[in-house]
Amino acid sequence: MRRFVPGLMMLASLLGISQICAAATHNGSATSAAVSGVVRDAQGTPQMGALVELVGANLTIVATAFSDDHGRFLIPAVDAGKYQIRASAAFFMPTLKNNLRLVSGSQTIVNLTMSTIFEAANWLPTQRRRADEPADDWKWALRSTANRPLLRLVDPEDGISVSSSSESSQRSVNEGRVTMTNGDGTFGEGGMHQSLVLSRTMGDGDAAVLRADVGNSSSIDSPGPSVAVTAGYQRQTLLGGSTRLVTGFQSHPELANGSLPGYGPGFEVMQVASAQRLALGDLVVIDAGTLLEAEKLEETRLRTQPYVRVMVHPDEDFVVEYRFASGHEAQSSEDLDRLKPSITAVADANGRPLGNQGSHNELSVSHKLGDKDVLTVAGFIDRVSYTAIGGSGILVRSDLQQTGIVQDPTTGTFQVAAQGYESHGLSASVMHSITPALSAWGEYDLGTALVSQQGLVSIAALQQSLSKQVTSAASVSLRGKILHTGTSLKAEYRWQPNRTLTQVNSYNTTPEEAYLSFFVRQRLWGGRMLPKGVDAVVEATNLLEQGYQPVLAPDGHTLFLAQVPRGIQAGLAFNF
C-alpha cells in the first residue's frame, strides 16, 4: 500500500503536466503570454459583459475578450511585449492601463475598475467662462433641507451674495445667439468665426445646450475650416444636486507639427466628460466628475482626468473648500460650459501629443466681510507633467521637424512643450461689490514658474535654459455688468516678472489672464426682430505685448516666447 500511494501521486503529476502542455499546444506556442483579471465598478462589484481589449504599440487591437458573470476575463496566447489594456461597457467611462508588459510563458493578472458615467461631457482645453456666455451663473449653491439656496458663490462677474428665501418663478426659457468675429494673434482662433449657441432651460431646472463654431482662415494656403461642436444636458436631482452630460469635438486642420511631409496632419480633440453635484443639507456640497479626452496629431493619446470639490459651510459667512484636479480642462461642473476654450496642442519631435496629466490639491477659506466684501485665502500643491509655452513668429518646415513645435500659420503663433515641475504656493484675493452686478478684484499669488535664465537662446537649447523659480504674481480687475448701459466687461492687468514664461498658480489662471487684457460686450440695438438685440464684442489679450523673450529657430531667424502672445478679436452677436 505504501508503494501504491507514491505511484498514484507520480501518475497524477504526469497527467497534470501533460494537460498543461496540451493546453499550451492548443492555444499557442510555449513562449506566448496571457493576461487575465477581473472587471469591477467603483464600488467593487464585478461587471459581466465588459469588453476588454489588448492594444498594441501601433494602437491596433491585438485581442479582445468579454468578462463572465463573475467579472473575470482571459486573453490567452499573445506575443510577449508592451501593451495597453482597455475595458469598456454601457453606462461606464472606459478605463485604460498603459505600459502593460507581458512576459513569455507567463500569465499576467490585471484588474480593471470602471467609473459610472453620470454624465457625458466636454472636450476642449480649459478657459474660465467669459462674461457673455449664457450659462448657469452659480459656481455652487448651498441649500437648506427645504431646497432653497442659502449662499451663492457665483462667478467673478457677480461676486458673493445671499439669496432671499423665496424661489424665482419657474418657467421654460429658450435662448439663442449667433456671433461673428474676426481676429488674429490667438493660437487656433485666427480668421473669421461664426458661432451658434442654442439653450433651453425647463421649468423643473433641467437644461440642454448646443454650441457650434466654424472658423475660416484668411490664408489662401489653409487646408480647411476649423470646427468645434459641443452638446450637453443637465438634469436636476434630489437634494438640490444636478448631473451633466456633454460631448464635443474640435478639428483644427490649420495647425502644423511638421512630422509628416508637408505641414499635416492637423490637430483633433475629442472629449467626453461627466459631472455630478450633490448637496448634503445646509452644510456640504460635493462636485465630482471625469473628463475622458483623445487628442490626435500624427498619433493619438487617450487620457482620463478625474476631479472632486468639497465645499463646507460652517456658518453663514464662511466657506471652506477642498479641490483636487488631475488636469486643467475639467476642475468643476461649470468647466463643461465652454463654447470654444483656448487650444493647447504640444507634441514631441515625432508628432506624438503630450498628455497634460498632473495634479492640483488646494484648500481655501472664504470669509464674507459685511455686505460687499469677500476675502479668500488658499494654499495649493501642483505637479505638472508638462506645460505649454506660447510663442510668435513664422517657422519653416525644418524648424517644426527638429523641435516638435505645433504651429498655427494663420496667426503666426506656435506652442512648444516645456519641462514639468512641482509648485507649493499660496494665494489671496479680495472681492468688492461696487454694484449688485459689478465687482472689483485684487489677487496675489506666490508659487513656482519656469523662468528663462539666459538672453537669446536657441529652440534646441530651450529646455536647458529654463529653470523653476519661486516667484509672485498680482492682478487687479473689474468684472461684471454696468447697470442700465448694456455693457458687460472684464478688464484686468496681471503682472509677474518678465522672464517668467509660465503662469504662477496655473490651475487658477487661464491664458487670457496675462498682463493687460480685457473683454467688452456692448449692447448696440434691441428691436422686435431680435428681442434681446445686437451686441458688439471686443476681446484683447496681452495688449501691450509684455513678457516676450527672444529665441532662435534652427534656421537662425528670431522667434519670441511669451506666457501668451497678443491677440485681438472683435465682432457682432445677434441674440434671440
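Residues numbered from 1 in each chain as written. Predicted model: local features only at pLDDT ≥ 70, side-chain atom pairs only at ≥ 80, totals over all residues. Heavy atoms only, no water.

Points about the overall build of the protein
Turning to step 1, where the next piece is worked out: Helix and strand counts for the protein stand at three helices and 34 strands.
Turning to step 2, where the next piece is worked out: Sorting the 576 residues of the protein into buried and exposed places 49% on the buried side. (Helix = DSSP H or I, 4+ residues; strand = E, 2+ residues; numbered from the N terminus. Buried < 20%, exposed > 50% of the residue type's maximum accessible area, 1.4 Å probe, protein only.)

Focus on a nonpolar patch on the surface
Turning to step 1, where the next piece is worked out: A surface patch of nonpolar side chains, amounting to about 350 Å² of accessible area, comprises L196, L198, L210, V229 and F576.
Turning to step 2, where the next piece is worked out: Within the secondary structure, L210 sits in strand β15 (residues 207-216).
Turning to step 3, where the next piece is worked out: For L210, a relative accessible area of 37% puts it in the partly exposed group. (Patch = residues over 30% accessible without salt bridge, like charges linked within 9 Å, V, L, I, M, F, W, Y side chains within 5 Å. Areas by Shrake-Rupley, 256 points an atom, 1.4 Å probe, with all protein chains shown as cover. Salt bridge = Lys/Arg side-chain N within 4 Å of Asp/Glu carboxyl O.)

Re the confidence of the model for the protein
Turning to step 1, where the next piece is worked out: In the predicted model, the protein carries a mean pLDDT of 78, and 78% of its residues have values of at least 70.
Turning to step 2, where the next piece is worked out: Every residue in residues 1-29 is under pLDDT 50, and counting partners more than four places away or in other chains gives three contacts.
Turning to step 3, where the next piece is worked out: For residues 117-170, every residue scores under 50 in pLDDT, and the model assigns this stretch 201 contacts once sequence neighbours within four places are set aside. (pLDDT = per-residue confidence, 0-100. Contact = heavy atoms within 4.5 Å.)

Quick notes on the side chain of T411
Turning to step 1, where the next piece is worked out: Mapped onto the elements, T411 comes out in the loop between β24 (406-408) and β25 (413-435).
Turning to step 2, where the next piece is worked out: Judged by relative accessible area, T411 falls into the buried class, the value being 10%.
Turning to step 3, where the next piece is worked out: A distance of 3.0 Å separates polar atoms of two side chains, one belonging to T411 and the other to D408.
Turning to step 4, where the next piece is worked out: Once you skip the residues sitting within four places of it in the chain, T411 turns out to touch D184, G185, T186, F187 and G190. (Polar contact = N/O pair within 3.5 Å; in protein donor to acceptor, adjacent residues only side chain to side chain.)

Some words on the sheet that holds strand β7 (residues 95-102)
Turning to step 1, where the next piece is worked out: The four strands are arranged β3-β2-β5-β7 in an open sheet whose pairing can be described as antiparallel. Every interior strand has two partners, whereas the edge strands, β3 (61-66) and β7, have only one. Between one strand axis and the next, the sheet turns by 20° as a mean value, whatever way the strands run.
Turning to step 2, where the next piece is worked out: In terms of strand pairing, strand β5 (residues 81-88) meets β7 through six bridges, oriented antiparallel. Of the residues in β7, the one forming a bridge with G81 is L102. (Pairing = 2+ DSSP bridges. Axes fitted to C-alpha atoms, helices over the stretch in contact; angles between N-to-C directions.)

Here's the deal with the side chain of S433
Turning to step 1, where the next piece is worked out: You can see S433 is positioned in strand β25.
Turning to step 2, where the next piece is worked out: Using a relative accessible area of 11% as the deciding quantity, one classes S433 as buried.
Turning to step 3, where the next piece is worked out: The contact partners of S433, leaving out residues within four places of it in the chain, are K372, L438 and S439.

Let's talk about the pairing of β15
Turning to step 1, where the next piece is worked out: The two faces of β15 differ: A207, V209, R211, D213 and G215 on one face are buried, but A208, L210, A212, V214 and N216 on the other face are not.
Turning to step 2, where the next piece is worked out: In terms of strand pairing, strand β14 (residues 191-201) meets β15 through ten bridges, oriented antiparallel. Bridge assignment links V197 to a residue of β15, and that residue is R211.
Turning to step 3, where the next piece is worked out: Pairing of β15 with strand β16 (residues 226-236) involves nine bridges; the strand directions are antiparallel. Across the sheet, the residue bridging to D213 is A228, located in β16.

Remarks on the packing of aromatic side chains
Turning to step 1, where the next piece is worked out: In total, this model carries one aromatic pair according to the counting rule given.
Turning to step 2, where the next piece is worked out: Residues Y548 and F560 carry aromatic rings whose centres are separated by 6.3 Å and whose planes lie at 55° to one another, so their mutual orientation is tilted. With Y548 in the loop between β31 (534-541) and β32 (549-552) and F560 in strand β33 (residues 558-562), the pair connects residues that are twelve residues apart, well separated along the chain.
Turning to step 3, where the next piece is worked out: Judged by relative accessible area, F560 falls into the partly exposed class, the value being 36%.
Turning to step 4, where the next piece is worked out: It is R479 that lies over the ring of W441; its NZ or CZ is 4.7 Å from the centre. (Phe/Tyr/Trp six-rings, centres within 6.5 Å; stacked < 30°, edge-to-face > 60°. Lys NZ or Arg CZ within 6 Å of the ring centre and 35° of its normal.)

A few points about the nonpolar core
Across soluble globular proteins, nonpolar side chains show a tendency to be buried alongside one another.
Turning to step 1, where the next piece is worked out: Among the nonpolar cores identified, the biggest contains 27 residues, and I389, L466, L559 and L561 are the most heavily contacted of them.
Turning to step 2, where the next piece is worked out: Taken together, the elements giving at least two residues each to this core come down to β18 (265-280), β23 (373-392), β25 and β33.
Turning to step 3, where the next piece is worked out: What L561 contacts, discounting residues up to four positions off in sequence, is I389, G390, G391, F414, V416, L462, L501, G547, Y548, Q549 and V551.
Turning to step 4, where the next piece is worked out: With 20 residues, the next largest nonpolar core counts A33, F73, L102 and M114 among its residues. (Core = buried A, V, L, I, M, F, W, Y, C linked by side-chain atoms within 4.5 Å.)

Looking at unusual backbone geometry
Turning to step 1, where the next piece is worked out: A positive phi angle, near 65°, is found at H484, a position not held by glycine.
Turning to step 2, where the next piece is worked out: Along the chain, H484 falls in the loop between β28 (466-482) and β29 (487-495).
Turning to step 3, where the next piece is worked out: By relative accessible area, which is 84% here, H484 ends up exposed.
Turning to step 4, where the next piece is worked out: Backbone geometry at E545 places phi at a positive 55°, although glycine is not the residue there.

Details of the environment of S506
Turning to step 1, where the next piece is worked out: Within the secondary structure layout, S506 lies in the loop between β29 and β30 (515-525).
Turning to step 2, where the next piece is worked out: Given a relative accessible area of 15%, S506 falls into the buried group.
Turning to step 3, where the next piece is worked out: Expressed as a C-alpha distance, the spacing of S506 and V384, which sit 122 residues apart in the sequence, is 9.4 Å.
Turning to step 4, where the next piece is worked out: Ignoring anything within four residues of it in the chain, the contact list for S506 reads H328, D382 and Y421.
Turning to step 5, where the next piece is worked out: In terms of polar contacts, S506 uses its side chain to reach the side chain of H328, at 3.4 Å.

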